[in-house]
Amino acid sequence: MKNNALWIVVVGVLLMLVIVGWAADQVVGLVGNTIEAGVAPVRGMANAVGTQVSNVLHPTPTIIPDPVTIVHEVRSLARLETIQYSVEKIIVAESGQGPFGFLFGDRLLFVAHGTVIAGVDLEQLQADDLWTENGVLYVRLPEAEIFIASLDNEQSYIYDREVGALTRGNQQLETEARQAAEEEILEAALEDDILAQAQLNAENFLYRLLLDLGFPDVIFVDDASD
């Protein structure tokens, strides 16, 4: 009898331990879920605040075009584009240099890619600029001119910039560098005789076109040869 009673006590104790362990596990899980539920809003708020701070320190530009468009002029064109130059120039722009340049100076290295297009404006042709003699067509073309000289903003970039320790830099320096780059790109094309080549290309193109139209011969003249 004593042995049976002892076993009953042992089994009861074991059952109680199992029940207590299960209950403790449920309590721990419930507490963990409660803590997680309480921490989740705080974590979400912290992430939201961090995002807002990042947006303030590194704002994303917003472009809002004006819905109103004003057309100042509409003009028909008869431009014959006959040559295009793609030019690259290195521009150094600087300000505040000198003995205190390391404090107040600003210097940038700008890599400029630009396009220059030239040709002949056929709208300037007059009735007396074309005439025939003995079956030959004589043509006096307008002088070639530059139609476009502009930067390619997608390919142009600032390669390097050095700003003095006590300044944030000249805000207009990049603008001035871009303006200088456009002028240099145009000057480079002019020095390479882009206008002469544009004139020659125009004559070659129109020569073939006029022959196809049935003229037996075409001669281009200028004011000096009249």
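Quick note: structure is the one above.
This is a predicted model, so every value here is computed, not measured.

J.: Break down the side chain of R140 for me, citing the residues and quoting the values.
T.: Considering the arrangement of structural elements, one finds R140 in strand β4 (residues 136-140). A distance of 3.4 Å separates a polar atom in the side chain of R140 from the backbone oxygen of D128. At 2.8 Å, the side chain of R140 and the side chain of D129 are in polar contact.

J.: Let's hear about the nonpolar core: which residues, and what values?
T.: The nonpolar side chains of soluble globular proteins are, as a tendency, buried together. Y85, F110, V139 and I194 are the most contacted members of the largest nonpolar core, which totals 29 residues. Among the elements of the structure, β1 (79-95), β2 (106-121), β4, α3 (173-191), α4 (194-212) and β7 (217-221) are those that each provide at least two residues to this core. Apart from the residues lying within four places of it in its own chain, the contact partners of V139 are D129, L130, L210, V218, I219, F220 and V221.

J.: Explain the sheet that holds β7 to me, and be specific about the residues and the numbers.
T.: Hydrogen bonds along the backbone pair up the strands of a sheet, which may run parallel or antiparallel. Spatial ordering of the open sheet is given by β3-β4-β7, a layout of three strands whose pairing is mixed. Each of the sheet's edge strands pairs with one partner strand only, and the pair in question is β3 (130-133) and β7. On average, each strand axis in the sheet is inclined to that of its neighbour by 25°, with strand direction left out of account. Summarising the sheet, β4 and β7 pair through five bridges and their orientation is parallel. Among the inter-strand pairings, V136 is bridged to a residue of β7, identified as D217. Relative to the sheet, α4 contacts β4 and β7, its axis offset from that of β7 by approximately 150°.

J.: Give a description of a negative patch on the surface that names residues and reports values.
T.: On the surface, a cluster of negative charge is made up of E187, E191, D192 and D193. By the secondary structure assignment, E191 is in helix α3.

J.: Give a detailed account of a nonpolar patch on the surface, specifying residues and quantitative values.
T.: Together, F205, L209, L213 and F215 make up an exposed nonpolar region whose accessible area comes to about 360 Å². Mapping F205 onto the fold places it in helix α4.

J.: Requested: an account of unusual backbone geometry, with residues and values cited.
T.: Within the chain, N134 stands out as a residue other than glycine whose phi angle is a positive 55°. Given the relative accessible area of 84%, N134 is considered exposed. Despite not being glycine, D193 has its phi angle at roughly 60°, a positive value.

So, how was this worked out
Residues numbered from 1 in each chain as written. Predicted model: local features only at pLDDT ≥ 70, side-chain atom pairs only at ≥ 80, totals over all residues. Heavy atoms only, no water. Helix = DSSP H or I, 4+ residues; strand = E, 2+ residues; numbered from the N terminus. Polar contact = N/O pair within 3.5 Å; in protein donor to acceptor, adjacent residues only side chain to side chain. Core = buried A, V, L, I, M, F, W, Y, C linked by side-chain atoms within 4.5 Å. Buried < 20%, exposed > 50% of the residue type's maximum accessible area, 1.4 Å probe, protein only. Contact = heavy atoms within 4.5 Å. Pairing = 2+ DSSP bridges. Axes fitted to C-alpha atoms, helices over the stretch in contact; angles between N-to-C directions. Patch = residues over 30% accessible without salt bridge, like charges linked within 9 Å, V, L, I, M, F, W, Y side chains within 5 Å. Areas by Shrake-Rupley, 256 points an atom, 1.4 Å probe, with all protein chains shown as cover. Salt bridge = Lys/Arg side-chain N within 4 Å of Asp/Glu carboxyl O. Lys, Arg positive; Asp, Glu negative; His and termini not counted. Charge placed at Lys NZ, Arg CZ, Asp CG, Glu CD.

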